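Here is how the chains run, residue by residue.
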Amino acid sequence: MGQNIYLSNINLEKAINTYFEKLSEFRLNSEKIKTHEANGRITAAPVFAKISSPFYNSSAVDGIATTAKKTFTATDRNPVRLKEGIDYLVVDTGDPVPDEFDTVIMVEDLIKAGENEIEIIKPSIPWQNIRQMGEDIVEGQLILPQSHRIRPVDIGALIAGGVFEIEVYKKPRVAIIPTGTEIVEPGTELKVGDIIEFNSRVFAAQVEEYGGIPVRFDIVKDDFERLLEVVDRASKEFDLILLNAGSSAGREDYSKKVIETLGQVFIHGVAIKPGKPVILGKIADKPIVGIPGFPVSAFFIMENIVKKLIGFIQGYEIMGKKYIDAMLSKRTMSSSKYLEFVRVKLGYIDGKYIAAPIERGAGATMSLVRADGVMEIPEELEGYEKGSVVKVNLLKSEDEIKNTVLCIGSHDLILDIAADLLAKKGKYNLSSAHVGSMGGILSLKDRETHFTTLHLLDTETGEYNKSYIKRYVPGRRIALIKFVKRIQGLMVRKGNPLGITRLEDIVNNNAKFVNRQKGSGTRILLDYELKKLGISPKDINGYEREDYTHISVAAQVAKGNADVGLGVFSAANIMGLDFIPIANEEYDIALPLEYLEHDGIKKFLEVINSDEFKRELDYLGGYDYSDLGNIIIE
Ligand SMILES: Nc1nc2c(c(=O)[nH]1)N[C@H]1C(S)=C(S)[C@@H](COP(=O)(O)OP(=O)(O)OC[C@H]3O[C@@H](n4cnc5c(N)ncnc54)[C@H](O)[C@@H]3O)O[C@H]1N2
Ligand code: MOO
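In this report, we go over the structure that sits alongside the text. Just so it is clear, the structure is predicted and the values come from calculations on it, not from any experiment.

## Brief notes about the overall build of the protein
1) Next: Helix and strand counts for the protein come out as 17 helices and 38 strands.
2) Next: Relative to its length of 634 residues, the protein is extended, with a C-alpha radius of gyration of 34 Å against a globular reference of 26 Å.
3) Next: Judged by the C-alpha coordinates and their principal axes, the protein covers about 115 × 70 × 45 Å.
4) Next: Within the protein, residue pairs in contact and separated by at least 24 positions form 76% of the contacts whose partners lie at least 6 positions apart.

## Describing the site of ligand 1
1) Next: Around ligand 1 there are 27 residues in total, and Asn199, Ala245, Ser247, Ser248 and Gly293 lie nearest to it.
2) Next: A per-class count over the shell around ligand 1 returns 13 nonpolar, 11 polar and three charged.

## Digging into the sheet that holds strand S5 (residues 80-83)
1) Next: The strand order S5-S9-S8 describes an open sheet built from three strands, whose pairing is antiparallel. Edge positions in the open sheet fall to S5 and strand S8 (111-112), since each of these has one partner strand only.
2) Next: Of the pairings in the sheet, the one linking S5 to strand S9 (residues 117-120) comprises four bridges and is antiparallel in character. For Arg81, the partnering residue across the bridge sits in S9 and is Glu119.

## Some details on the pairing of strand S29 (residues 404-409)
Along any regular strand, the residues point their side chains to alternate faces of the sheet.
1) Next: Counting buried positions along S29 gives six out of six residues, so the element sits mostly inside the fold.
2) Next: Every second residue of S29 is oriented toward a common face, with Thr404, Leu406 and Ile408 on one face and Val405, Cys407 and Gly409 on the other, all of them buried.
3) Next: For the crossover from S29 across helix H9 (residues 413-425) to strand S30 (residues 429-434), the handedness is right-handed.

## Quick word on helix H3 (residues 199-210)
1) Next: The terminal C-alpha atoms of H3, which comprises 12 residues, lie 16 Å apart, in line with the 16 Å expected from a rise of 1.5 Å per residue.
2) Next: The set of residues buried in H3 consists of Asn199, Ser200, Phe203, Gln206, Val207 and Tyr210. Projected down its long axis, H3 shows its buried positions confined to an angular sector of 120 degrees, all on one face. What points out from H3, more than 90 degrees from its buried face, is the exposed set Ala205 and Glu209.
3) Next: Packed against the buried residues of H3 are strand S13 (173-178), strand S16 (213-216), strand S17 (240-244) and helix H6 (295-312).
4) Next: Where H3 ends, the next residue or the one after it, Gly211, has phi of about 100 degrees, a positive value.

## Concerning unusual backbone geometry
1) Next: That bond from Ser53 to Pro54 is cis: its omega, -10 degrees, falls within 30 degrees of zero.
2) Next: With an omega dihedral of -5 degrees, the bond running from Lys273 to Pro274 counts as a cis peptide bond.
3) Next: As for its position among the elements, Pro274 is in the loop between strand S19 (272-273) and strand S20 (279-283).
4) Next: The phi dihedral of Ser147 falls on the positive side, at around 60 degrees, and the residue is not glycine.
5) Next: Following the sequence through the fold, Ser147 ends up in the loop between strand S11 (142-144) and helix H2 (152-160).

## Remarks on the sheet that holds strand S4 (residues 63-66)
1) Next: Taken together, the three strands give an open sheet; going across it, the order is S6-S4-S7, and neighbouring strands pair in antiparallel fashion. Of all strands in the sheet, those with a lone pairing partner are strand S6 (89-91) and strand S7 (103-106), marking the two edges. Ignoring strand direction, the axes of neighbouring strands in this sheet form an average angle of 35 degrees.
2) Next: One ladder, built from four bridges, connects S4 with S7; its direction is antiparallel. Each bridged residue has a counterpart across the sheet, and for Ile64 the counterpart in S7 is Ile105.

## As for the packing of H3 against H6
1) Next: The interhelical angle for the contact between H3 and H6, taken along N-to-C directions, is 25 degrees, at an axis separation of 10 Å. Classified by the angle between their axes, H3 and H6 sit roughly parallel to one another. In this structure, H3 meets H6 at a crossing whose hand is right-handed. Residues Asn199, Phe203, Gln206 and Tyr210 of H3 touch H6, and the partners they reach there are Pro295, Ala298, Met302, Lys307 and Ile310.
2) Next: Its residues placed into classes, the contact of H3 with H6 shows six nonpolar, two polar and one charged.

About the criteria used
Residues numbered from 1 in each chain as written. Chains lettered and ligands numbered in written order. Predicted model: local features only at pLDDT ≥ 70, side-chain atom pairs only at ≥ 80, totals over all residues. Helix = DSSP H or I, 4+ residues; strand = E, 2+ residues; numbered from the N terminus. Rg over C-alpha atoms; globule rule 2.2 N^0.38 Å. Contact = placed C-beta atoms within 7 Å. Near = placed C-beta within 6 Å. Nonpolar A, V, L, I, M, F, W, Y, C, P; charged D, E, K, R; others polar. Pairing = 2+ DSSP bridges. Buried ≥ 20, exposed ≤ 12 C-beta atoms within 10 Å, placed from the backbone. Right-handed = clockwise from strand over helix to strand, strands pointing away. Expected span 1.5 Å × (residues − 1). Arc of directions from axis to C-beta. Axes fitted to C-alpha atoms, helices over the stretch in contact; angles between N-to-C directions. Parallel < 35°, antiparallel > 145°, perpendicular 65-115°, else oblique. Left-handed = near helix turned anticlockwise from the far one by under 90°.

As far as function goes, none of this settles anything; it's purely spatial.
So, in C-alpha cells, the structure goes:
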C-alpha cells in the first residue's frame with residue numbers, strides 16, 4: 001500500500017464549514033416519541049399547541065369569584081356586602097370561574113359578615129386574579145421551532161399545550177471502530193509492543209454526552225481488506241462512523257485509503273495541534289471521521305469536530321464551550337502554522353484566573369485528567385509571553401476553580417497525598433503545576449500562585465530557601481513554612497548492578513544518567529555536589545537528558561532507559577529501586593503572608609499538620625517532619 005504523506009493544513013473552522021457543506025444532503029430520519037421521554041432530543045419539525053392553556057378561565061388565588069361592577073363603590077366607610085350563591089361563589093386556586101363572574105377577590109381581603117355573607121372595603125378590578133383561557137398557551141401557537149433541543153421546561157409546555165407525542169430526529173447511531181495490529185483488548189496478557197485499547201471507550205462516553213448512540217466494534221487488525229469489509233458494513237448500518245487511528249503516514253496507516261476506496265476523502269489534515277492528521281470524508285451519504293490514535297489528539301478531534309458533527313446531522317448546533325480569560329504563568333511557544341490546544345492548571349488568585357501550562361505530549365492521557373482547562377493559542381501566533389491574557393476553555397466549573405488552592409512549584413509525591421486528603425475534607429482542591437523551585441519562586445513574585453514549594457540550596461551558605469526568597473521576592477511579605485526534610489540520593493536498579501555507591505561512580509562506571517530540568521532544586525543540588533567533587537558535567541553521560549519529576553526519573557531507571565538518577569527516596573521506593581543517600585534537603589512552602597488567612601490555605605495547612613498526613617509520610621519513607629508547620633515569617 002502506498003504511503004499517503006501529504007497532509008493539508010486547513011484552518012479548523014474552514015475545514016468544518018467545507019465538510020458540512022459536503023454533507024448538506026444528509027439528515028437523520030425522524031421518529032415519533034412520547035413527549036415525556038423527549039428530554040435532550042432535537043425537534044424534527046415545528047411543534048404547535050393542540051389546545052389552549054388554561055383550557056378555561058381559572059382562579060389564580062383562593063377566594064371568591066364575583067362581579068367587578070358590584071364592588072366599585074366599596075370603601076372603608078362604605079363596605080359592600082355580598083351574598084354567597086347570589087353575588088359570589090367560593091373558589092380555590094385553579095378552580096374554574098363561571099362565565100357570569102369576571103373577578104376574584106383573595107380570601108385575605110374578605111371580612112366575614114354573617115352566615116354566607118361577606119363584606120369588602122376595596123373595589124375589585126375586572127379579570128383580577130383570573131387566569132384567562134389561553135393566557136399561557138393559545139391553541140395553534142408555536143411552542144417549539146424545528147431543530148430545538150428539548151429541555152425539561154419544554155416538556156411541560158408541550159404537555160400543557162396538548163402535545164403528548166412529538167416528532168424528533170432519531171438519535172444518531174455511531175459506529176466506533178478501533179484499529180491497529182498492536183492494539184489489544186483490556187485484560188489481554190501484555191507483551192512488549194501491545195497497547196491496551198481504550199480510545200473507543202472514551203469516544204463512546206463522549207458520543208453519549210453529545211446525544212448519540214455509540215456502538216463499539218471489535219478491534220480490527222491493520223489489514224486493508226478486512227478494514228474495507230468492516231467499514232463498508234458499518235456505513236450501511238450506522239449514521240456516522242468513527243475510524244480510530246491509522247490516520248497519519250505510517251506503513252500501516254490505511255484509514256485514508258479505506259475511505260477513498262469506499263467513498264470520498266474531503267480533508268486530510270487540519271491546522272490544529274494535537275489532532276492534525278484527522279480525516280474528514282463520507283461513504284455513500286454517511287459521514288466518516290478518521291481520528292488520530294494518540295489519546296490526547298483524539299480527545300481534541302472529538303471535542304472540536306465530532307461534537308459539532310453530531311449536532312449538524314440533527315440540524316442542530318451544539319454550543320457549550322465555556323471560556324474564561326486567564327493570565328498565563330509561563331511563556332508558551334507554539335507554531336504559527338496551527339491552532340494549538342495547551343492543557344493548563346487553573347487557579348483564582350487575587351480576583352484573577354491564572355493558567356499554568358502542563359505537559360504537551362499527545363500521548364499523555366493523565367494530562368487531560370489533571371487539566372482544569374485548555375488554553376487555545378490561535379493559528380497566527382507564535383505563542384504567548386508570560387503574563388499575557390489568554391483564552392481558556394474550562395474543563396471544570398468556575399466554582400470548582402475558585403475553590404482550588406494552586407501550587408506552582410517543585411513537585412513531590414507528598415503534594416499528591418496532601419491533595420487527596422484535602423479533597424476528602426470537601427470544598428477545596430489542591431492543583432499543582434510542576435515547574436521546579438525557581439519557576440515557583442517567580443510565580444510567587446508575580447502573584448500567580450497561592451503558594452509555592454521549593455528546595456533551593458544557597459551554595460554560599462549551605463542554607464535552604466531563605467536567601468532565594470529574599471533575593472527574588474523583595475518587598476513582599478512572604479511566610480516560609482517548614483515542610484519536610486527529605487533524603488536525596490542516587491536511584492539505581494534493584495541489586496545495584498553497576499555497583500554505584502557515590503556520585504563519582506557515575507563517571508567511574510560510565511553509567512547512563514538521567515537529569516532533572518534546569519531550575520529544579522535537585523539539579524542545583526547535583527551541580528553543587530559535582531562542583532564540590534570537582535566533576536565536570538561534561539563527564540556525565542546523560543547530563544543533558546532532562547526529566548520533570550522525581551517519579552519520571554525513577555521510571556526511566558526502572559525501565560532501563562537510564563542506569564542512575566538523582567531523586568527522593570519515596571520515588572525510588574515506589575519504583576522498586578535501590579537508593580544511595582547523598583544529601584538531606586529542606587523542602588518548604590512559601591506563600592504571601594496574607595494567604596495565611598485564606599480559607600483554602602488554612603485547610604491545606606491543617607491537612608499537612610494532621611497525624612493522618614504524617615502517617616502517610618512514614619509509610620513512604622525518607623521524610624523527616626520534625627519541623628513541619630514551623631512558620632518563619634520573613
Ligand atoms: N511521518 C509522520 N508521522 C506522524 C505524523 C506525520 O504527519 N508524519 N503525524 C503524527 C501525529 S501529529 C499524530 S497525532 C499521529 C497519528 O497517528 P495515527 O492516527 O496514525 O495512529 P497510530 O499510529 O495508529 O497510533 C498512534 C498511537 O495511538 C495510540 N492508540 C491508537 N489506537 C488506540 C486505541 N484504540 N486505544 C488507545 N490508544 C490507541 C497508541 O499509543 C498508538 O501507538 O501520527 C504521528 N506520526
Ligand atoms: O496531531 Mo498530533 O495529534 O499533533 O500529535
